[in-house]
Amino acid sequence: MKAVFYSENGGPEVMQYGERPDPTLQDDGVLIRSEAISIEGGDLLNRLISPPDPVPFIPGYQAAGIVEAVGPSVTLFQPGDRVVAFNWFGSHAELFAAPESFTYAIPDSLDIALASVAPIAFGTAYDALIEYGNLQSDEFVLIQGAGGGVGLAAVQIAKAAGATVIGTASSNARLEHTRPFGLDYGINYRDEDITEHCLSITGGSGVDIVVDLAGGKGKELLVKALRPHGRYAAVGAATGEIPSFSFFELIGGMLHVFGVSLGQEMHTERVRALVADIFAKLEDGSYRMPIDKTFALSDAVAAHRHVAESHPFGRVIMKP
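Because the structure is a prediction, the values reported are computed rather than measured. (Residues numbered from 1 in each chain as written. Predicted model: local features only at pLDDT ≥ 70, side-chain atom pairs only at ≥ 80, totals over all residues. Heavy atoms only, no water.)

### What to know about the overall build of the protein
Phase 1 of the analysis: Along the backbone of the protein there are nine helices and 15 strands.
Phase 2 of the analysis: Each of the three principal axes of the protein carries a C-alpha extent, and together these read 60 × 40 × 40 Å.
Phase 3 of the analysis: Each of the 320 residues in the protein was classed as buried or not, and the buried ones make up 51%.
Phase 4 of the analysis: Looking at the protein alone, contacts between residues at least 24 apart form 68% of all its contacts between residues at least 6 apart.
Phase 5 of the analysis: Element-wise, carbon and sulfur atoms account for 52% of the exposed surface of the protein, whose accessible area totals about 13,400 Å².
Phase 6 of the analysis: For the protein, the distance from the average position of its 22 positive side-chain charges to the average position of its 39 negative side-chain charges is 4 Å. (Helix = DSSP H or I, 4+ residues; strand = E, 2+ residues; numbered from the N terminus. Buried < 20%, exposed > 50% of the residue type's maximum accessible area, 1.4 Å probe, protein only. Contact = heavy atoms within 4.5 Å. Areas by Shrake-Rupley, 256 points an atom, 1.4 Å probe, with all protein chains shown as cover. Lys, Arg positive; Asp, Glu negative; His and termini not counted. Charge placed at Lys NZ, Arg CZ, Asp CG, Glu CD.)

### Notes on the pairing of strand β15 (residues 315-319)
Phase 1 of the analysis: Burial within β15 is extensive, with four of its five residues counted as buried.
Phase 2 of the analysis: Across five bridges, the pairing between strand β14 (residues 291-296) and β15 is parallel. Looking across to β15, one finds that Ile291 is bridged to Arg315.
Phase 3 of the analysis: One crossover worth recording links β14 to the parallel β15 by way of helix α9 (residues 300-309), and it is right-handed. (Pairing = 2+ DSSP bridges. Right-handed = clockwise from strand over helix to strand, strands pointing away.)

### Overview of empty space enclosed by the protein
Any space left empty among the atoms is revealed by the rolling of a water-sized probe across them.
Phase 1 of the analysis: Scanning all chains against the criterion turns up one cavity of 30 Å³ or more.
Phase 2 of the analysis: Here the largest cavity defines a volume of roughly 40 Å³.
Phase 3 of the analysis: Forming the boundary of the largest cavity are Tyr6, Gly42, Asp43, Asn46, Phe57, Pro59, Gly60, Tyr61 and Trp88.
Phase 4 of the analysis: In terms of residue class, the lining of the largest cavity is made up of five nonpolar, three polar and one charged. (1 Å grid on protein atoms, 1.4 Å probe; cavity = no way out; pocket = protein on both sides within 12 Å on 5 of 7 lines; lining within 4 Å. Points joined across faces, edges and corners; volume = space filled by probe spheres on them. Nonpolar A, V, L, I, M, F, W, Y, C, P; charged D, E, K, R; others polar.)

### Quick look at the packing of helix α1 (residues 41-49) against α9
Phase 1 of the analysis: The interhelical angle for the contact between α1 and α9, taken along N-to-C directions, is 100°, at an axis separation of 10 Å. Taken together, the axes of α1 and α9 are roughly perpendicular relative to one another. Each of Asp43, Leu44 and Arg47 in α1 lies in contact with α9, whose residues at this interface are His304, Val307 and Ala308.
Phase 2 of the analysis: Taken together, the residues of the contact of α1 with α9 break down into three nonpolar, one polar and two charged. (Axes fitted to C-alpha atoms, helices over the stretch in contact; angles between N-to-C directions. Parallel < 35°, antiparallel > 145°, perpendicular 65-115°, else oblique.)

### Things to note about the sheet that holds strand β12 (residues 226-234)
Phase 1 of the analysis: The strand order β10-β9-β8-β11-β12-β13 describes an open sheet built from six strands, whose pairing is parallel. Only two strands of the sheet have a single neighbouring strand rather than two, namely β10 (185-188) and β13 (256-259). For this sheet the average axis-to-axis angle between neighbouring strands, irrespective of direction, equals 20°.
Phase 2 of the analysis: Where strand β8 (residues 140-144) meets strand β9 (residues 164-169), five bridges bridge the pair, whose relative direction is parallel. Across the sheet, residue Val141 finds its bridge partner in β9, namely Val165.
Phase 3 of the analysis: On top of the sheet, helix α3 (residues 149-160) reaches β8 and β9; it is set at about 175° to β8, its chief contact.

### Considerations on the packing of aromatic side chains
Phase 1 of the analysis: Taken as a whole, this structure holds ten aromatic pairs when the rule is applied.
Phase 2 of the analysis: With centroids separated by 5.7 Å and ring planes inclined at 85°, the aromatic side chains of Phe247 and Phe248 adopt a geometry described as edge-to-face.
Phase 3 of the analysis: Among the residues examined, Phe247 registers a relative accessible area of 61% and is labelled exposed.
Phase 4 of the analysis: Accessibility expressed as a relative area gives 66% for Phe248, which makes it exposed.
Phase 5 of the analysis: A connected cluster of aromatic rings, assembled from ring pairs, spans Tyr61, Phe86, Trp88 and Phe102.
Phase 6 of the analysis: In this arrangement the basic side chain of Arg288 is found over the ring face of Phe181, its NZ or CZ atom lying 4.1 Å from the centre. (Phe/Tyr/Trp six-rings, centres within 6.5 Å; stacked < 30°, edge-to-face > 60°. Lys NZ or Arg CZ within 6 Å of the ring centre and 35° of its normal.)

### Looking at α3
Phase 1 of the analysis: Taking 1.5 Å of rise per residue, twelve residues should cover 16 Å, and α3 covers 17 Å from first to last C-alpha, within 8% of that figure.
Phase 2 of the analysis: Burial analysis of α3 places ten of its twelve residues in the buried class, which makes it a mostly covered element.
Phase 3 of the analysis: Against the buried residues of α3 lie α2 (112-131), β8, β9, α4 (172-178) and β15. (Expected span 1.5 Å × (residues − 1).)

Rendered as structure tokens:
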């Protein structure tokens, strides 16, 4: 099969495109011929900081396509089914293998490209806000990085829950594009003080929950924007420079800090039901996710560079 692979950490230029052996189908595995490959934030971060193992390493978390074969213990899927799957590696290829428990059926009426970008983005946002964030309808939410894939999902989920939604982005134009998704207040983090704006919006009390999708950039400002006993959801990381919380910082601000890692729970029945609900909401128009740009798999270097440097609005996909 054709695939993208690399053998050392670094920028997009470390990736190569060429022939690799087809994946081995496990007893509980599903082999998928990919039609749409979502580029996730973790794909970029892993390339930068996680030593590839084994090498050459085929990156990628999530892709959608047609089931080509199933292992003997698989009961939920058969060849010809339309599915989206998650795995810790291997999606940047013509063929993608994943366990049955990490594979989800795509409704007949749902576009396969849209399905390819949905589970991680919306599932992560849901867990940050609802499952573990315990968001209430009268609360203020600050979403750091509201124009990205998880950010746009979080804006929609927070608005649907009845919260007041504050989002940050890198430009006023980007904020305007985000408003139709449910953004109440926008902050251009390049020109405006996040803390000052949040305190003004909330009458000085601070926001109830921060969803940090930018890997801690501006963490100090986000913490100062929180009310006492506010919740800080640590979700994404844009680079390898990860901030930390000191013991006395947590005590002094009476902070509730929690991490969200949907991948570690995507095999559960809870997440299977959650993905089904996400697909239903995409079908009826309750949820939306723009595809910023589509690249050929052979142009993975350019695709990763676009995600890292161009601040895409929504998600970026590749097609074999």
